[in-house]
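Listed below, chain by chain, are the residues.
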Amino acid sequence: SDYRFQDDPYLTPKTSSEFKLFSLSQESGRNAAKYFISTYPKYFQKDYAQPHIPCLMPETLEAQIEEVSEAALIERIQMRKVKAAVDLYDQLQQAGTPVSLDVTNQLLDLICFYGDCDPAQENVPEQRNEETVGQENTLSHNKRSPCLVFSFRENNNAERIFALLSEPNTHSYSALIRGMVKYGAYSKAFSTYTDLLNNQLKADVSTFNALITAAPEVKEKYNEKWELIVDLLKQMAEQKVKPNLLTLNAVLKALRRCGTVGKSQAFPVISEMRALSIDPSLASYNHLLSIFYKPGHKGQTDILQEVMNEVSGKSFTPQDPDDGICLLLQRGLLTKQYFFARFFSLLCMMENIDVVLKWYRDLVPSVYYPSSNVMRDLLQVLDTDNRLDLIPQIWKDLKQLGHGNRQTLVEELLTLMAREKQNQEVQETFAECALDIKKMYDTGDRGKVMMSWTAGSLSDLVSVLLAAQRRQDAWEILKLFKTHNRVPSEELLDKFLTCIKESGDVNQALELVQISAGFCLPGTPKLIQRVQQEFLLSEQQK
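Rules behind the numbers
- Residues numbered from 1 in each chain as written.
- Predicted model: local features only at pLDDT ≥ 70, side-chain atom pairs only at ≥ 80, totals over all residues.
- Heavy atoms only, no water.
- Helix = DSSP H or I, 4+ residues; strand = E, 2+ residues; numbered from the N terminus.
- Contact = heavy atoms within 4.5 Å.
- Areas by Shrake-Rupley, 256 points an atom, 1.4 Å probe, with all protein chains shown as cover.
- 1 Å grid on protein atoms, 1.4 Å probe; cavity = no way out; pocket = protein on both sides within 12 Å on 5 of 7 lines; lining within 4 Å.
- Points joined across faces, edges and corners; volume = space filled by probe spheres on them.
- Nonpolar A, V, L, I, M, F, W, Y, C, P; charged D, E, K, R; others polar.
- Expected span 1.5 Å × (residues − 1).
- Buried < 20%, exposed > 50% of the residue type's maximum accessible area, 1.4 Å probe, protein only.
- Axes fitted to C-alpha atoms, helices over the stretch in contact; angles between N-to-C directions.
- Parallel < 35°, antiparallel > 145°, perpendicular 65-115°, else oblique.
- Left-handed = near helix turned anticlockwise from the far one by under 90°.
- Core = buried A, V, L, I, M, F, W, Y, C linked by side-chain atoms within 4.5 Å.
- Phe/Tyr/Trp six-rings, centres within 6.5 Å; stacked < 30°, edge-to-face > 60°.
- Lys NZ or Arg CZ within 6 Å of the ring centre and 35° of its normal.
- Salt bridge = Lys/Arg side-chain N within 4 Å of Asp/Glu carboxyl O.

Visitor: Got a minute to help me understand the overall build of the chain in this structure?
Guide: Counting secondary structure elements, the chain contains 28 helices and zero strands. Sequence separation of 24 or more characterises 64% of the internal contacts of the chain that already satisfy a separation of 6 or more. Entry remark: accessible area of the chain is about 30,800 Å², with carbon and sulfur atoms responsible for 52%.

See below:
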């Protein structure tokens, strides 16, 4: 067990949902501690850490400068108090006190970054009501702040304050454009960029990076998206704005939305950036793989291999916010699950069964609980390397891992056992495994959805039992076809008759004919002919 669960292994997370619950509980505990430290700072003044660690001490949450002044405005901006800063700015305007362009730009940066509302405090318990729940439901798919709903409505604070500037500079425009892109006002962002050009100003690299990110949102066709990106890059060159790493990543991120055009342009973009001494970061490689590999589709393995060779032996430091996605692997069990899921998928794709099983036995389940998709990959490796004899052990693991009720996975496992006849010892273990699977269909797993029998799963189960010479068990399964309104195949009944012939059970052969006739199978006359030829029948039986 992981060292955190040695005293109570029962609490070990076993599924992705349990890992998520564990991680959220852990974070909730941290936030509860931060809440008490910040709410009652006078009780936490003793500094035990050597050297001093600021993040472990209470934050200064209250503003110290009370008078209406530019210094007080700067203090509130530094404390990220958006609403208080906007209110103070308005008071200064009403009093006729000038605010410098530099400080106003800092205020615009703050408003546009946080979406015209105060940032959420990690350590403050969330106040929930019907309105906030409704906002969460609206925005849950993209994990954006609820401020998104209001941030760029008409006459929002960012645009209002920007309009008050007599001579906005590049920084002013940049803050507004980046805020518009961040919070989904893409057309407004391009319109504001046009205003910037009309005022004889030049955009900075951050502005261009934001517009490149927004390009796929304002055009529909793939080639139109790419043409707009190229146009922005040309304008960068005309305005003598040097691209940086974030420019490269913005282009690659946009190409993820450009279909086949993205695949044709990704490598030329990287080559051109390298000519400008811009080397890819972790996020660059992540975007590149996403261009060529879509979920649920087979990708070009040579691209993956090329990327792996490129990053092998290199160390990376975060240079782009998206680089943090890769670094999250160092945090928590939930992200560890994500890492091992990708790791095992690669193993199953590229290594033989011995290597895969070595890692599987070392890590499962003490360190990693694989998902049903990873277990399906493992079954495919067993099939490819002809190690189907391990299926019964894998079935035990599937039950322990909570995947015993995954119907598609269970059906695939039954199909593999039924496909080819193995030696008698293996067939016996298959039969025991098949009967154990039947129990899952009958009783289900605690509190989980019951699986439903299909004609294919019943046929595979009968075939496995017949191959192990468990004719009586197979006969009981055959009766389930009628119980569950499923129709057996003629091939299955033909196989069953061959097994009955070996024992010479005439009565069961006749019952099999009656079952076939009951389902009105076209092959019934042929089955009757076989019984007449291969069995000694009495006059009544004839």
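Right, picking up where we left off after that structure.
Visitor: What's the story with empty space enclosed by the protein in this structure? I'm lost.
Guide: Overall, the coordinates contain two cavities of 30 Å³ or more when judged by the stated rule. Estimates place the volume of the second largest cavity at around 30 Å³. Together, F344, C348, V356, Y360, V374, M375 and L378 line the second largest cavity. Secondary structure elements with two or more residues in the lining of the second largest cavity: α17 (332-350), α18 (353-363) and α19 (372-384). It is α19 that contributes the most residues to the lining of the second largest cavity, three residues altogether. The residue inventory of the lining of the second largest cavity, partitioned by class, reads seven nonpolar, no polar and no charged.

Visitor: What exactly am I supposed to notice about α19 here?
Guide: Taking 1.5 Å of rise per residue, 13 residues should cover 18 Å, and α19 covers 19 Å from first to last C-alpha, within 8% of that figure. Taken together, the buried positions of α19 are occupied by S372, V374, M375, R376, L378, L379, V381 and L382. Following α19 by one or two positions, N386 adopts a phi angle in the positive range, close to 55°.

Visitor: How do you make sense of helix α21 (residues 407-419) when you look at a structure like this?
Guide: Residues spaced three or four apart along an α-helix point in a common direction, a consequence of the helix completing one turn every 3.6 residues. Between its first and last C-alpha atoms α21 spans 18 Å; for 13 residues at 1.5 Å apiece the expected length is 18 Å, and the two agree. Inspection of α21 places L409, V410, L413, L414, L416, M417 and A418 among the buried residues, and these make up the whole buried set.

Visitor: Looking at this structure, how should I read the packing of helix α12 (residues 245-255) against helix α13 (residues 259-275)?
Guide: If you want to describe how two helices pack, look at the angle between their axes and the distance between the axes. Where α12 contacts α13, the two axes come as close as 9 Å, and the packing angle between them is 165°. Considering their axes alone, α12 and α13 lie roughly antiparallel with respect to each other. The way α12 lies across α13 gives a crossing that is left-handed. Where α12 abuts α13, its residues T247, L248, V251, L252 and L255 lie against G259, G262, Q265, A266, V269, I270 and M273. Here the residues of the contact of α12 with α13 are counted per class, giving eight nonpolar, four polar and no charged.

Visitor: What's the story with the nonpolar core in this structure? I'm lost.
Guide: As a rule of thumb, soluble globular proteins bury nonpolar side chains together. With 73 residues, the main nonpolar core has L413, M417, I437, L478, F496 and L512 as its most contacted residues. With eight residues, helix α22 (residues 424-443) is the largest single contributor of residues to this core. Non-local contacts of L478, meaning those with residues more than four positions away in its chain, are made with V462, L492, L493, F496, L512 and I515. In terms of nonpolar packing, the next biggest core, distinct from the first, is built from 67 residues, A185, V261, A266 and Y285 among them.

Visitor: Looking at this structure, I do not really get the packing of aromatic side chains. What am I missing?
Guide: Describing an aromatic ring pair means giving the distance of the ring centres and the angle of the ring planes. With the rule as written, the count across this model stands at 15 aromatic pairs. Arranged with centres 5.8 Å apart and planes meeting at 65°, the rings of Y193 and F208 form a pair that is edge-to-face. In this pair, Y193 is assigned in helix α9 (residues 186-198) and F208 in helix α10 (residues 205-218), connecting sequence segments 15 residues apart. A single burial state applies to Y193 and to F208, both of which are buried. Judged by centre distance (5.6 Å) and plane angle (40°), the rings of F267 and F292 are tilted. With F267 in helix α13 and F292 in helix α14 (residues 282-292), this pair connects stretches of sequence that are 25 residues apart. Three or more aromatic residues joined by ring pairs make a cluster, and in this case those are F339, F340, F343, F344 and W359. The side chain of K182 reaches across the aromatic face of F113, ending 3.7 Å from its centre. Taking NZ or CZ as reference, K358 lies 4.9 Å from the ring centre of W359, over its face.

Visitor: Where do I start with unusual backbone geometry in this structure?
Guide: A negative phi holds for most residues other than glycine; trans holds for most peptide bonds. Here the residue pair Q50 and P51 is connected by a cis peptide bond, since its omega of 0° sits within 30 degrees of zero. Relative to the assigned elements, P51 resides in the loop between α1 (16-39) and α2 (70-78). Notably, S277 is not glycine yet its phi reads approximately 65°, a positive angle. Of note, S277 is situated in the loop between α13 and α14. A residue is classified by how much of its surface remains accessible, and S277, at 66% relative accessible area, is exposed.

Visitor: I'm lost on the pattern of salt bridges in this one. Help?
Guide: Close approach of charged atoms allows side chains with opposite charge to pair. Applying the stated rule across the entire model yields 24 salt bridges. Measuring nitrogen to oxygen at the nearest pair gives 3.0 Å for the salt bridge that ties K188 to E159. Note that K188 is positioned in helix α9 and E159 in helix α7 (residues 157-164), a separation of 29 residues in sequence. Residue K188 is classed as partly exposed on the basis of its relative accessible area of 25%. In this structure, D494 engages R530 in a salt bridge whose closest nitrogen and oxygen atoms are separated by 2.8 Å. One end of the pair, D494, is in helix α26 (residues 490-503); the other, R530, is in helix α28 (residues 524-534), and 36 residues separate them in sequence. Taken together, the salt bridges that share partners define one network made up of E428, E432, R470 and D473.

By themselves these figures say nothing about function.
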